[in-house]
Amino acid sequence: MSDTPFGFGLPPEEPEHGDEGKKKNPAGGGQGSGGSPADPFGFGFGDSGGDNPFAAMFGSLNPNDLGAAFQQLGQMLSYEGGPVNWDMAKQIARQTVSQGTPDGTKDVSVGPVDRTAVEEAVRLADLWLDGATSLPSGASTAVAWSRAEWVEATLPAWQQLVDPVAERVGLAMGDVLPEEMQAMAGPLIGMMRSMGGAMFGQQIGQAVGVLAGEVVGSTDIGLPLGPAGKAALLPLNIEALGKDLGVPKEEVRLYLALREAAHQRLFAHVPWLRSHLFGAVEGYARGIKVDTTKLEDVVGQFDPTHPEQLQEALQQGMFQPEDTPEQKAALARLETALALVEGWVDAVVHEAASSRLTSAAALRETLRRRRASGGPAEQTFATLIGLQLRPRRLRDASRLWASLTDARGMDGRDALWEHPDMLPTATDLDDPDGFVHREQLDFSELDKMLGEAASKGDEDGKGGKGTAEERGTGEKGDDEK
C-alpha cells in the first residue's frame, strides 16, 4: 500500500522527454510531490514567500505543473458520477504502475515469446487437470498481460465490489447534517460527495496499482477479477516471484498456470459461484455502519481549503461491522466460501502437479503462505469496509477436499459444487471426517423434480382458462372429475 493512502499528491506521470522531464522541480513543489498535510495538492504553500502565499505557489510551479494541479482539483470538484470516481481510480492505478515496484522493476509490454510461453503453459495445465477434476476446461483463451493490462481488465470487478460501500459513505455525508440545514448546505454536501468519490478513487487506484505489481494472474485473491473464460498470467511478476525460489522459471510458470486454469474451471462450470461470492461481499457490506460521530466532527470542522481532513477520517476508518447475528453469519459465509474455493484449487493442483513437478511441494507452500499473508487488496478492503479477503481456513479446506477425494472419488468430490447447500460449512471444517462420511442429499434429483413440476404447471396453464372458469362457477374441470 502506498505511504500516502487517500493522499492528494498524485504519482508523477512518465516524463514526455526522458530525463529532462524528471529534472523538473527537484524541490518537490509540483504535481506528484505528495504534499504536506497543509499542502494536499502539492501547490507548494509554505515552501517560500511566507508573507505572500500566491508568490510561493507561483514561484514553485512552472505553468505546466500549475495547470495540471488545477485540472486535478477541477476533476475532483466537478465529478458527478457514482460513489467512486473510477476515471480517477484508473488514472492513478496506471500512474502507480508506471512508477514500478519497490525493487525497481518497471512494467513492460509482453513480447511474443512470453505470450507463447503462457499459452503453452495453460494448454499443458488444462491437460493435466483433466485427470484431477471432473470439471472441464473453463478457459477459452490464454492471455499474457502486462501490469497495465491487468489494471484495465480488473477494474470492472473492483467497481462491483466497492461501489455499494462507497454509496453508503456518500449518503452518510448528507445524513450527518440536521435536516433544516441540509437545504442550505446543498453545495457543500455536493462538494463533499465529489471529494469523497475522488478520495475513494484515489485509494482504490493506488491499491490496484500496487497490487498489479504483485499478482501473477486474474484470480489471486480468490475472486474472478478478469473477464470470464480468460486464463491470464503476468510474465513479469511470475519472473519476480520465482527469482529467489531456486526453482526453474518454467516450473513456476506451469504451476501458476495450473492454479489459474483450475480457478477458471470452477468459475466457468459452477454458475452460481461468482454471484455467491460477490453477493457475500455485498451482504457483509450492508451490515457495515458509518461512524457518524466521527463523520459529524469532520463535517462540522470541514474547511474546503483542507480536504485532507476527509482523507484522514476515511484513512483512520469510519466503518464498523454491526455486531449482529446476521452480520456474523455474512462474514462466516464469505470467509468459508473463499476458503473452499482456494482449498479446492490447492487440492486439485497438488494432485495434478505432485507427480510431475519436482518442486510442486515447495511451490505449494510458497503460494499458501503468500495467500495467507494478505496484501494490498486486503488492506484496501480493511480500510474501506473493515473486510479482509483472506481465506483464513485454507489449509483446513484443502485437507477436507483431499479427504473427499479419497472417500468419494473425483466425481463425488466435485459434485458438491452442484448446489451451494451441498458445500461444507464452517462447522464442517472443524469436523472434516464427519462431513466426508455423512450421507449427502442429491440436489440434482430435487432440481429435476422441481423442473418437471414446473413444466407440468406450464402445460396445465395453456388450457387453464377454461378450467379456471369452470372452477369459478363451481364446476369441476376435467382434471378434478
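Definitions and limits used
Residues numbered from 1 in each chain as written. Predicted model: local features only at pLDDT ≥ 70, side-chain atom pairs only at ≥ 80, totals over all residues. Heavy atoms only, no water. Helix = DSSP H or I, 4+ residues; strand = E, 2+ residues; numbered from the N terminus. Areas by Shrake-Rupley, 256 points an atom, 1.4 Å probe, with all protein chains shown as cover. Expected span 1.5 Å × (residues − 1). Buried < 20%, exposed > 50% of the residue type's maximum accessible area, 1.4 Å probe, protein only. Arc of directions from axis to C-beta. pLDDT = per-residue confidence, 0-100. Contact = heavy atoms within 4.5 Å. Salt bridge = Lys/Arg side-chain N within 4 Å of Asp/Glu carboxyl O.

(A) Layout of the overall build of the chain. Broken down by element type, the chain carries 21 helices and 4 strands. Here the chain has roughly 23000 Å² of accessible surface; of this, 51% comes from carbon and sulfur atoms.

(B) View of helix α15 (residues 360-372). Compared with the 18 Å implied by 1.5 Å per residue over 13 residues, the 18 Å span of α15 between its first and last C-alpha is a close match. Buried within α15 we find Ala360, Leu363, Arg364, Leu367, Arg368 and Arg371. The buried residues of α15 all sit within an arc of 135° when viewed along its axis, so they share a single face. In α15, the exposed positions angled more than 90 degrees off the buried face are occupied by Ala361 and Arg369.

(C) Layout of the confidence of the model for the chain. For the chain, per-residue confidence averages 74 on the pLDDT scale, and residues scoring 70 or more make up 57% of the total. Low pLDDT (under 50) marks residues 1-61, which in the prediction has 104 contacts with non-local residues, meaning those over four places away or in another chain. Segment residues 463-481: pLDDT under 50, and 8 contacts once partners within four positions in sequence are set aside and those in other chains are kept.

(D) Representation of the pattern of salt bridges. On inspection of all chains with the given rule, the structure shows 16 salt bridges. Put simply, Glu342 and Arg259 hold a salt bridge, and the shortest N to O gap is 3.4 Å. With Glu342 in helix α14 (residues 325-353) and Arg259 in helix α10 (residues 249-269), this pair connects stretches of sequence that are 83 residues apart. The pair Glu342 / Arg259 is uniform in exposure class, with both members buried. Measuring nitrogen to oxygen at the nearest pair gives 2.5 Å for the salt bridge that ties Asp396 to Arg399. With Asp396 and Arg399 both in helix α17 (residues 394-414), this residue pair falls 3 residues apart, about one helical turn. Asp396 sits in the partly exposed class, given a relative accessible area of 22%. Salt bridges sharing common partners tie together Arg393, Asp396, Arg399 and Asp430.

(E) View of the environment of Ser134. Here Ser134 shows up in the loop between α5 (112-129) and β1 (141-144). Along the chain, Ser134 and Ala415 lie 281 residues apart, while their C-alpha atoms are 8.6 Å from each other. If near-sequence neighbours (up to four positions away) are discounted, Ser134 is found in contact with Met410, Asp411 and Asp414.

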